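Residue-level listing of the chains:
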Amino acid sequence: NVAKGIGKASPLNKIRLFDESNKEEDIRVTFYRDSASWCPYCHKVWMTLEEKRIPHRIEKVNMRCYGEKTRDFLQKQPSGNIPIAIIDGTTYNQSNDIMYALEQIFPDHKRLLPPSNDVEKRMKAQSLLKLERSLFSAWMYWLTGSSRSKDSFIN
């Protein structure tokens, strides 16, 4: 059921309840993601929400390469970057920050990150997340940049 977000995940979902035990009025997370469903930062948060099975609303936002952002969105995220998530009224505007917030705010859901008291594993996870961010950033810069910027990657 795509309309209610029950069953398998779909990029067409506007809400995600997972099953009949969750009610729309109990949703605490609004996830702002790319309208084309290919932004790697958005996918990372989407996978976190799916794996933890946290009910949420989905709002689609254009990536810069697809068009302008709405005034309403820019009031929430002045830089225009996606994804953002509003959780219990607080806005989180970086994919890693959203993942950490979901881990802290929803402790009864499946744990995806090492606990904060396991310093060694937490540092390893942070190191891998930084590497992932560097790779995604370079790819996005190449993908959405000018032909001149693409040439600088090759040369």
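For the structure itself, look to the data block above.
Calculation notes
Residues numbered from 1 in each chain as written. Predicted model: local features only at pLDDT ≥ 70, side-chain atom pairs only at ≥ 80, totals over all residues. Heavy atoms only, no water. Pairing = 2+ DSSP bridges. Helix = DSSP H or I, 4+ residues; strand = E, 2+ residues; numbered from the N terminus. Contact = heavy atoms within 4.5 Å. Axes fitted to C-alpha atoms, helices over the stretch in contact; angles between N-to-C directions. Phe/Tyr/Trp six-rings, centres within 6.5 Å; stacked < 30°, edge-to-face > 60°. Buried < 20%, exposed > 50% of the residue type's maximum accessible area, 1.4 Å probe, protein only. Parallel < 35°, antiparallel > 145°, perpendicular 65-115°, else oblique. Nonpolar A, V, L, I, M, F, W, Y, C, P; charged D, E, K, R; others polar. Polar contact = N/O pair within 3.5 Å; in protein donor to acceptor, adjacent residues only side chain to side chain. Salt bridge = Lys/Arg side-chain N within 4 Å of Asp/Glu carboxyl O. Patch = residues over 30% accessible without salt bridge, like charges linked within 9 Å, V, L, I, M, F, W, Y side chains within 5 Å. Areas by Shrake-Rupley, 256 points an atom, 1.4 Å probe, with all protein chains shown as cover.

What follows deals with the sheet that holds strand E3 (residues 56–61). Pairing is mixed across the open sheet formed by 5 strands, whose spatial order is E1-E3-E2-E4-E5. Every other strand in the sheet has two partners, leaving strand E1 (15–16) and strand E5 (90–92) as the edge strands with one partner each. Pairing of E1 with E3 involves 2 bridges; the strand directions are antiparallel. If you follow Ile15 over to E3, its bridge partner there is Arg57. Running at roughly 25° to strand E4 (residues 84–87), helix H3 (residues 95–105) makes contact with strand E2 (29–34), E4 and E5 of the sheet.

Contact geometry for H3 and helix H4 (residues 119–144): axes closest at 11 Å, N-to-C directions at 150°. From H3, Ser95, Asn96, Met99 and Tyr100 reach across to H4, where they touch Arg122, Gln126, Leu129, Glu132 and Arg133.

According to the stated counting rule, one finds 3 aromatic pairs in the structure shown. Geometrically, the ring pair formed by Trp38 and Trp139 is edge-to-face, given 5.9 Å between the ring centres and 85° between the ring planes. Highlighted residues: Trp38 in the loop between E2 and helix H1 (40–52) and Trp139 in helix H4, separated in sequence by 101 residues. For Trp38, a relative accessible area of 24% translates into the label partly exposed. Look at Tyr41 and Phe136: their rings are 5.8 Å apart centre to centre, the planes differ by 85°, and that puts the pair in the edge-to-face class. Of this pair, Tyr41 sits in helix H1 while Phe136 is found in helix H4, placing the two residues 95 residues apart along the sequence.

Attention now goes to the packing of H1 against H4. Two elements in contact, H1 and H4, have axes separated by 10 Å at closest approach and are oriented at 140°. In terms of orientation, H1 lies oblique with respect to H4. The residues of H4 that touch H1, namely those facing Pro40, Tyr41 and Lys44, are Glu132, Arg133, Phe136, Ser137, Trp139 and Met140. In the contact of H1 with H4, the residues fall into 5 nonpolar, 1 polar and 3 charged.

What follows concerns the side chain of Lys52. As for its placement among the helices and strands, Lys52 is situated in helix H1. Residue class for Lys52 comes out buried when judged on its relative accessible area of 3%. Reaching out from Lys52, the side chain makes a polar contact with the side chain of Glu103 at a distance of 3.2 Å. Each residue touching Lys52, except ones within four places of it in the same chain, is listed here: Leu102, Glu103, Phe106, His109, Lys110, Arg111 and Leu112.

This part takes up the pattern of salt bridges. Applying the stated rule across the entire model yields 11 salt bridges. One salt bridge in this structure joins Asp88 and Arg28, with 2.6 Å as the shortest N-O distance. Taken together, the residues span a long stretch of sequence, with Asp88 in the loop between E4 and E5 and Arg28 in the loop between E1 and E2 at a distance of 60 residues. Among the residues examined, Asp88 registers a relative accessible area of 44% and is labelled partly exposed. Where salt bridges share partners, they join Lys4, Glu24 and Arg57 into one cluster.

This part takes up a nonpolar patch on the surface. On the surface, Leu128, Leu131 and Leu135 cluster together into a nonpolar patch covering about 300 Å² of accessible area. If you trace the backbone, Leu131 turns up in helix H4. Leu131 gets classed as partly exposed once you look at its relative accessible area, which sits at 47%.

Take it as geometry only, folks, not as evidence of what the structure does.
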